[in-house]
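Residue strings, one per chain:
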Amino acid sequence: MEEADLSAHRLTPLPGVPGRRLPLLCPHDQTACLVGPLTGFDPGNTGYISTGKFRNLLESHSSKLDPHKREVLLALADSHADGQICYQDFVNLGVAMERMGIGEQRKGFIWTEERERSDEDWAEVLCSKALLEEKGLNLSQRLIRHVAYETLPREIDRKWYYDSYTCCPPPWFMITVTLLEVAFFLYNGVSLGQFVLQVTHPRYLKNSLVYHPQLRAQAWRYLTYIFMHAGIEHLGLNVVLQLLVGVPLEMVHGATRIGLVYVAGVVAGSLAVSVADMTAPVVGSSGGVYAVVSAHLANIVMNWSGMKCQFKLLRMAVALICMSMEFGRAVWLRFHPSAYPPCPHPSFVAHLGGVAVGITLGVVVLRNYEQRLQDQSLWWIFVAMYTVFVLFAVFWNIFAYTLLDLKLPPPP
């Protein structure tokens, strides 16, 4: 096709949408001439053509079109997976890419007539063949595929992640936090001479990392309490959940996003205790763990049909049972006779603060893979809610303890 003819077809008016034009994939791919011949593949005037005919159309009218480009066109056009494509499906390709957030975040994929993309950009895009059908994968490739199916509900996102993941950087945040928690626990176990129910030791609360209501002015304690655990039974479940759930999520969404959810859950947990259980100390990383796990479970429920992880119902049930048992242990310990009266044992409210963060901020993060969070209205709504809660808790800690004339346990 001559360049002049190609230019004439670069922008095709959208039917029924005055002034709106369809941006084609790339001017030099010769895909502009595809719109007209669609009717020739539908002699019965049904409004649909099969994906097979559409593939032939792509091959016959775009000899220079990269095979990966053909596959992604097929995958996106046949979004209903019914083997049929209508003209509107083809028109909606640009809209679909916008809705999935495949813009500048994905190596310059901009659906406008002003920007063009190279074959290298397209080479990593989703092909229509399901990722599970890939054969001859080595161990690391199978692991990456497994993580994709564990965390992402859409095939296009799973294929993109599989093709682009390089393990650089590795999931360092969750691993580092876990190692630090284990190291501090072992140190405390040796120094106290106790590993089970460490929290019952009389010297336990003297540690400068524990949040204590009398020492709430020491701001670092609202975060560092995660490195202190009530005992090996407390640490064990948190470590397992961080590694089995947190590490795969970090591999997909990155340390920044998962770290944000985790830290937000930690801070919300300690602040929630300072508001709702004002006389109790706080220990353990359950606030952050419950934020990440709750976000993941909520994301699975909200995308149930798209999530292809095996035995998802059984695994959700097991996760909920384990979380409920840990929460029950925390409630029992809170009301168990204290080893250091009049100060009670650590609070369980941090778990609830973590869950609240997980089903709000966490869900928005996990539902928007490779999309800019600042473009999501829900993100700003939940950020505003979180900010209001933090400010309220700060003022509560400054004024409420005095106004209520609350009798706090003595400092450790």
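None of these values were measured; they are calculated from a predicted model.

What counts, and where the lines are drawn
- Residues numbered from 1 in each chain as written.
- Predicted model: local features only at pLDDT ≥ 70, side-chain atom pairs only at ≥ 80, totals over all residues.
- Heavy atoms only, no water.
- Axes fitted to C-alpha atoms, helices over the stretch in contact; angles between N-to-C directions.
- Helix = DSSP H or I, 4+ residues; strand = E, 2+ residues; numbered from the N terminus.
- Parallel < 35°, antiparallel > 145°, perpendicular 65-115°, else oblique.
- Contact = heavy atoms within 4.5 Å.
- Nonpolar A, V, L, I, M, F, W, Y, C, P; charged D, E, K, R; others polar.
- 1 Å grid on protein atoms, 1.4 Å probe; cavity = no way out; pocket = protein on both sides within 12 Å on 5 of 7 lines; lining within 4 Å.
- Points joined across faces, edges and corners; volume = space filled by probe spheres on them.
- Left-handed = near helix turned anticlockwise from the far one by under 90°.
- Salt bridge = Lys/Arg side-chain N within 4 Å of Asp/Glu carboxyl O.
- Buried < 20%, exposed > 50% of the residue type's maximum accessible area, 1.4 Å probe, protein only.
- pLDDT = per-residue confidence, 0-100.

Enquirer: Talk me through the packing of helix H11 (residues 232–253) against helix H12 (residues 255–276); I want residue IDs and the actual numbers.
Expert: Viewed as axis vectors pointing N to C, H11 and H12 meet at an angle of 135 degrees, and their least axial separation amounts to 7 Å. In terms of axis orientation, H11 runs oblique to H12. Contact residues: Gln 242, Gly 246, Leu 249, Glu 250 and His 253 in H11; Ala 255, Arg 257, Ile 258 and Tyr 262 in H12. A class-by-class count of the residues in the contact of H11 with H12 yields four nonpolar, three polar and two charged.

Enquirer: An account of empty space enclosed by the protein is requested, with residue identities and associated values reported.
Expert: One pass over the structure, following the stated rule, counts five cavities of 30 Å³ or more. Here the largest cavity defines a volume of roughly 100 Å³. Among the elements that make up the lining of the largest cavity, the one with the highest residue count is helix H14 (residues 312–335) (three residues). Taken together, the residues of the lining of the largest cavity sort by class into eight nonpolar, six polar and one charged.

Enquirer: Describe the packing of helix H7 (residues 139–151) against helix H8 (residues 155–164), with residues and values.
Expert: A packed helix pair is summarised by two numbers, namely the angle formed by the two axes and the spacing between the axes. The N-to-C vectors of H7 and H8 enclose an angle of 150 degrees; their axes lie 9 Å apart at closest approach. On the basis of the axis angle, H7 is roughly antiparallel to H8. In this structure, H7 meets H8 at a crossing whose hand is right-handed. Contacts between H7 and H8 pair Gln 141, Ile 144, Arg 145, Val 147, Ala 148 and Tyr 149 from the former with Glu 155, Arg 158, Tyr 161 and Tyr 162 from the latter. By residue class, the composition of the contact of H7 with H8 is six nonpolar, one polar and three charged.

Enquirer: Outline the pattern of salt bridges, supporting the account with residue identities and numerical values.
Expert: Should their charged atoms come close, side chains of opposite charge can pair. For the structure on display, the rule yields seven salt bridges. Note that Arg 158 and Glu 155 form a salt bridge whose closest N and O atoms lie 3.0 Å from each other. On the criterion of helical spacing, the pair formed by Arg 158 and Glu 155 is a turn pair, its members being three residues apart in helix H8. A relative accessible area of 3% means that Arg 158 is categorised as buried. According to the relative accessible area criterion, Glu 155 is partly exposed, its value standing at 22%.

Enquirer: Describe the confidence of the model for the protein, with residues and values.
Expert: Detailed conclusions should not be drawn from predicted coordinates in areas where pLDDT is low. When the pLDDT values of the protein are averaged, the result is 78; 71% of them are 70 or greater. Here residues 1–37 is a poorly scored stretch, pLDDT under 50, and it has 66 contacts once near neighbours within four places are set aside; other chains count. Every residue in residues 94–128 is under pLDDT 50, and counting partners more than four places away or in other chains gives 78 contacts.

Enquirer: Describe in detail unusual backbone geometry, supporting the description with residues and values.
Expert: Between Cys 168 and the following residue, Pro 169, the backbone shows a cis peptide bond with an omega angle of 5 degrees. Checked against the element boundaries, Pro 169 lands in the loop between H8 and helix H9 (172–192). Its identity as a non-glycine residue notwithstanding, Leu 197 has a phi of 50 degrees, on the positive side. Within the secondary structure, Leu 197 sits in the loop between H9 and helix H10 (221–224). On the basis of relative accessible area, Leu 197 is assigned to the partly exposed category, the value being 25%. Phi angles above zero are rare outside glycine, and Asp 405 is one such case at about 50 degrees. Within the element layout of this structure, Asp 405 appears in the segment after helix H16 (377–403). Note on Asp 405: relative accessible area 68%, which makes it exposed.

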